[in-house]
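Notes for the structure review
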Amino acid sequence: MGHAKLRSHSNIQDVLKMFTWLRNSSICFFLFLLGCAFAYHQDKQHLVVLVHGYSGRPQDLSYLARALEQKNAAVLAVTSNDGRTTDGVIAGGRRVAAEVNAILEKNLHFKSISILGNSLGGLYARYAIAELKLYHGLRPAAFVTTAAPHLGVKSGTLYGPL
C-alpha cells in the first residue's frame, strides 16, 4: 500500500471517521494503534503488557487480554503489583519493570512491545518504561494509559489520601 493511496481525500475521510468512532474509548483506540504491529507479527512476536490500577488485580483487564490474544498478541497481565499498590509509584514501577524484563530475557523472539496501564497502573507503566531493557532490537510500538493521574491527585479524594 503506497503513501499516495493514503493521501487520497476519501481515505483521509475514512480515517477521520474511524478516529471519531474511536475517540470515546481508549481501549478501542489502543487496539486500533496495535493494528500495524499485528499486521507484521502473526505468530505472537508482539508483547502487550497490561498493568492494573490501585487495589486492582491482573484479572481486571482480562477482557482486553482475551481480545488481544485473539489478534495473536502475547499478553502479559502484570502480577507483581497484585495486592501491593499502596507503596508508591517508584516501588510499583520497579516491580513492573523487573517482571517485564524477566519475560523479555526468557523470550528473545519478541519483535515489538506495547504497554497499557489503567489508572495507577499507567503511572507504574510510565516509570517502568525507563527501566525496560530492549533486547535484540525490540521495538516499542505503543504506550497507552487510561484514567491515569499523570498530573497528580488532590489529597483527600473520594478514596482518601494517596
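Before reading further, recall that the structure is shown in the block above.
Residues numbered from 1 in each chain as written. Predicted model: local features only at pLDDT ≥ 70, side-chain atom pairs only at ≥ 80, totals over all residues. Heavy atoms only, no water.

Our next topic: helix α5 (residues 89–106). Between its terminal C-alpha atoms α5 stretches 26 Å, which fits the 26 Å expected from 18 residues at 1.5 Å a residue. For α5, every residue scored as buried is listed here: Gly-92, Gly-93, Arg-95, Val-96, Ala-97, Glu-99, Val-100, Asn-101 and Leu-104. Considering only its buried residues, α5 is in contact with β1 (46–51), β2 (74–77), β3 (112–118) and α6 (120–129). (Helix = DSSP H or I, 4+ residues; strand = E, 2+ residues; numbered from the N terminus. Expected span 1.5 Å × (residues − 1). Buried < 20%, exposed > 50% of the residue type's maximum accessible area, 1.4 Å probe, protein only. Contact = heavy atoms within 4.5 Å.)

Most of β1 is tucked away: six of the six residues are buried. Side chains His-46, Val-48 and Leu-50 of β1 all project onto a buried face; the interleaved residues Leu-47, Val-49 and Val-51 project onto the opposite face, where all are buried too. Examined bridge by bridge, β1 and β3 share six bridges and lie parallel to one another. Paired with Leu-50 across the two strands is Leu-116, which belongs to β3. Of the strand pairs in this sheet, β1 and β2 are connected by four bridges, and their pairing is parallel. Pairing of Val-48 across the sheet is with Val-75, part of β2. (Pairing = 2+ DSSP bridges.)

Moving on to the environment of Lys-111. Tracing the chain through its elements places Lys-111 in the loop between α5 and β3. Residues Lys-111 and His-136, spaced 25 residues apart in sequence, show a C-alpha to C-alpha distance of 8.5 Å.

We now examine the pattern of salt bridges. Opposite charge on two side chains permits them to pair, given that their charged atoms come into close proximity. Tallied over the full model, the rule gives three salt bridges. Two residues, Asp-82 and Arg-57, come together in a salt bridge whose shortest N-O distance is 3.2 Å. Of the two residues, Asp-82 sits in the loop between β2 and α5 while Arg-57 sits in the loop between β1 and α4 (62–70), which places them 25 residues apart along the sequence. In this structure Asp-82 comes out as partly exposed when scored by relative accessible area, which is 25%. Put simply, Arg-94 and Glu-131 hold a salt bridge, and the shortest N to O gap is 3.7 Å. Taken together, the residues span a long stretch of sequence, with Arg-94 in helix α5 and Glu-131 in the loop between α6 and β4 (139–146) at a distance of 37 residues. (Salt bridge = Lys/Arg side-chain N within 4 Å of Asp/Glu carboxyl O.)

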